[in-house]
Amino acid sequence: MGQSHPAFRFSRALVRRARRWATAAGVLVLTGGLLAAAPQASAAGLTQVTGFGTNPGNLSMYTYAPDALPAGAPLVVALHGCTQSADDYYAHSGWPKFADAYGFALVLPQTSSANNANSCFNWFEPGDSGRGQGEALSIKQMVDKAVALYGGDTRRVYVTGLSAGGAMTANLLAAYPDVFAGGAIGSGLPARCASSVSAAYTCMYSPPDKSPAQWGDLVRSAAPAGTDSWPRVAIWQGTADTTVQPANATELRDQWTNVWGTGQTPSRTESLGGGTTLSVYDDASGRSAVEVYTVSGMGHGLAVDPGSGAEQCGSAGTYYLDTICSSDHIARFWGLDGDEDTGSLPAPTGLTVTGATDTTVSLSWQAVAGAGAYEVYRGGTRVGRTTSTSYTDTGLATGTTYSYTAAAVDTAGAAGSASPAVSATTTGFTPTCHTADNYAHTAAGRAYQSGGYTYAKGSGQAMGLWNTFISHTLKQTAPGHYVIDDAGCPGP
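Here's a quick rundown of the structure.

Conventions adopted
- Residues numbered from 1 in each chain as written.
- Predicted model: local features only at pLDDT ≥ 70, side-chain atom pairs only at ≥ 80, totals over all residues.
- Heavy atoms only, no water.
- Pairing = 2+ DSSP bridges.
- Helix = DSSP H or I, 4+ residues; strand = E, 2+ residues; numbered from the N terminus.
- Axes fitted to C-alpha atoms, helices over the stretch in contact; angles between N-to-C directions.
- Buried < 20%, exposed > 50% of the residue type's maximum accessible area, 1.4 Å probe, protein only.
- Disulfide = S-S within 2.5 Å.
- Polar contact = N/O pair within 3.5 Å; in protein donor to acceptor, adjacent residues only side chain to side chain.
- Contact = heavy atoms within 4.5 Å.
- Parallel < 35°, antiparallel > 145°, perpendicular 65-115°, else oblique.
- Left-handed = near helix turned anticlockwise from the far one by under 90°.
- Arc of directions from axis to C-beta.
- Phe/Tyr/Trp six-rings, centres within 6.5 Å; stacked < 30°, edge-to-face > 60°.
- Lys NZ or Arg CZ within 6 Å of the ring centre and 35° of its normal.

### Section: the sheet that holds strand S13 (residues 352-356)
Taken together, the three strands give an open sheet; going across it, the order is S13-S14-S17, and neighbouring strands pair in antiparallel fashion. Edge strands, defined here as strands with exactly one partner in the open sheet, are S13 and strand S17 (390-393). Averaged over all pairs of adjacent strands, the angle between strand axes in this sheet comes to 20°, irrespective of strand direction. Bridge count for S13 against strand S14 (residues 361-364) is four bridges, and the pairing is antiparallel. What sits directly across from Thr 352, in S14, is Ser 364.

### Comments concerning the pairing of strand S4 (residues 105-110)
The buried fraction of S4 amounts to six of the six residues, a majority that puts the element mostly inside the structure. Every second residue of S4 is oriented toward a common face, with Ala 105, Val 107 and Pro 109 on one face and Leu 106, Leu 108 and Gln 110 on the other, all of them buried. Pairing geometry for strand S2 (residues 60-64) and S4, over five bridges, is antiparallel. Directly across from Ser 60, in S4, lies its bridge partner Gln 110. As paired strands, strand S3 (residues 75-79) and S4 are joined by three bridges and run parallel to one another. Among the inter-strand pairings, Val 77 is bridged to a residue of S4, identified as Val 107.

### Focus: the state of the cysteines
Tallied over the entire structure, the rule returns four disulfides. Through a disulfide, Cys 82 is tied to Cys 120; the S-S separation comes to 2.0 Å. Judged by the sign of its S-S torsion, about 125°, the cystine formed by Cys 82 and Cys 120 is right-handed. Of this pair, Cys 82 sits in the loop between S3 and helix H2 (86-92) while Cys 120 sits in the loop between S4 and helix H4 (126-129), placing them 38 residues apart in sequence. Each of the two residues, Cys 82 as well as Cys 120, counts as buried.

### As for the side chain of Ser 138
Of note, Ser 138 is situated in helix H5 (residues 134-150). In this structure Ser 138 comes out as buried when scored by relative accessible area, which is 0%. There is a polar contact of 2.8 Å between the side chain of Ser 138 and the backbone nitrogen of Gly 57. When neighbours within four sequence positions are excluded, Ser 138 is seen to be in contact with Phe 52, Asn 55, Pro 56, Gly 57, Asn 58 and Leu 59.

### Overview of the packing of helix H8 (residues 212-222) against helix H9 (residues 247-260)
Contact geometry of H8 with H9 gives a least axis separation of 7 Å together with a crossing angle of 70°. On the basis of the axis angle, H8 is roughly perpendicular to H9. Crossing handedness for the pair H8 and H9: right-handed. Across the interface between the two elements, Pro 212, Ala 213, Trp 215, Gly 216, Leu 218, Val 219 and Arg 220 of H8 pack against Glu 251, Asp 254, Gln 255, Trp 256, Asn 258 and Val 259 of H9.

### Description of helix H3 (residues 95-102)
Residues of H3 that are buried include every one of Trp 95, Pro 96, Phe 98 and Ala 99, and no others. On an axial view of H3, the arc spanned by its buried residues comes to 165°, and they lie on one face. Looking at the buried positions of H3, the neighbouring elements they touch are S2, S3, H2, S4, strand S5 (157-162) and helix H10 (326-333). With its phi angle positive at about 80°, Gly 103 sits one or two positions after the end of H3.

### A short note on the pairing of strand S25 (residues 471-478)
The pairing of strand S21 (residues 432-437) with S25 spans six bridges and is classified as antiparallel. The residue bridging Thr 435 from the neighbouring strand is Thr 473, located in S25. Sheet topology places S25 next to strand S26 (residues 481-484); four bridges connect them, and they run antiparallel. If you follow Leu 474 over to S26, its bridge partner there is Ile 484. Following S25, the chain reverses through two residues before pairing antiparallel with S26; Gly 480 in that reversal takes a positive phi of roughly 75°.

### Looking at the packing of aromatic side chains
A ring pair, where both rings are aromatic, is described by two values, the distance of the centres and the angle of the planes. Summed over all chains, the structure comprises eleven aromatic pairs. Judged by centre distance (5.6 Å) and plane angle (25°), the rings of Tyr 448 and Tyr 455 are stacked. The exposure class of Tyr 455 is partly exposed, given its relative accessible area of 25%. These aromatic residues form a ring-pair network of at least three members: Trp 95, Phe 104, Tyr 158 and Trp 334. Across from the ring centre of Tyr 377, 5.0 Å away, lies the NZ or CZ of Arg 155, which sits over that ring. Between Lys 210 and the ring centre of Trp 215, over which it is positioned, the NZ or CZ distance is 5.7 Å.

Right under this line is the structure:
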């Protein structure tokens, strides 16, 4: 995400020059008007981890873990903004304080000028922000590595970020709702708002006024088919931000409240310190699902509150603004302060898929000594509790892959660590139809473009030029497989 001096203003000519320079350099620059040199990170206080996967996004991985971190601890991924580094975010954001206080590990991914001239995460590039691709996949591989290193709880993995890091956070929450239990977007943009550098500038300065359902559909189409549980999302925005217009926070609210099905009227509002207003949107059970923090008079940056108080954190600096400690509020929103019912029993072993039909999945596992019951989680969300060592999940979509874990529950009713995940795919497939122009099909992942032409995903059928002037109806006949059916298939 771009950042600019408060007095700096874009001109159209400068934008055109910046784009030409970026194209010539082979990178996409988003700096809100500044073409700054990328910082060199010393990563003091952090540990660099290598060998965390294929790393298709060419990112660096840094971690921090408190001494004697227990097994089953949560994990927080924190993404820096443009012209920043992992070490910069570690030093200013306040997250290390709460990692020590509450007992969780930190992962701080870092990009570089090799990826983007201003060390921005490429949130506007579909090949870097979609599931299983580029930078997004590199970050997922970092999560897997950190969970293995620290014995972390896969049910309690969270992601947060500032500016470009905030925009990438939104995309990660959409692409990997089965990985992240919650997210916090600081001065960021809605998931999948842009798929090019020019569209990114539009989103930053004049975000599209889509309906909540349209925004929500962008998330649903980015997630794995059949996803029915979503991360809890906090949105932070300053009212005086001229780099990422405050309207983006409204669109983000519309997007994630639609995903959760809560509506856009807050369940309650609250006045906090630092001129901050909190709007809370509860889910059907009365639990906070989406929270919007609006900081009056704050410009573009991360809200921090230097000091030694329990609710203070961070240090002021460029794009770290002395208002309120956002990291404290985010950690408590996620329940990292201990407001979680977690027991001490070990994870069940031997979790196995014993059968599947078109609407059910059956599981079994080994008994855990001292367990009074077991909880079963689908995609990180609890779907059942049983006193036996087997469970059948029902009411599922046909031809859909689901991820399951199980946890032992002690006699006090607290669930212990979750087992390693297993995947199960229901049988059958229910065809669906999608009518749109070729560009929209490609952006939604139903088609792909090559040499300026569009082809249906899976079948490879030619659809014509990659633009908004040619439309087709695609019928999904199997997971990831689409065929042209303009005559016999009705639109969605």
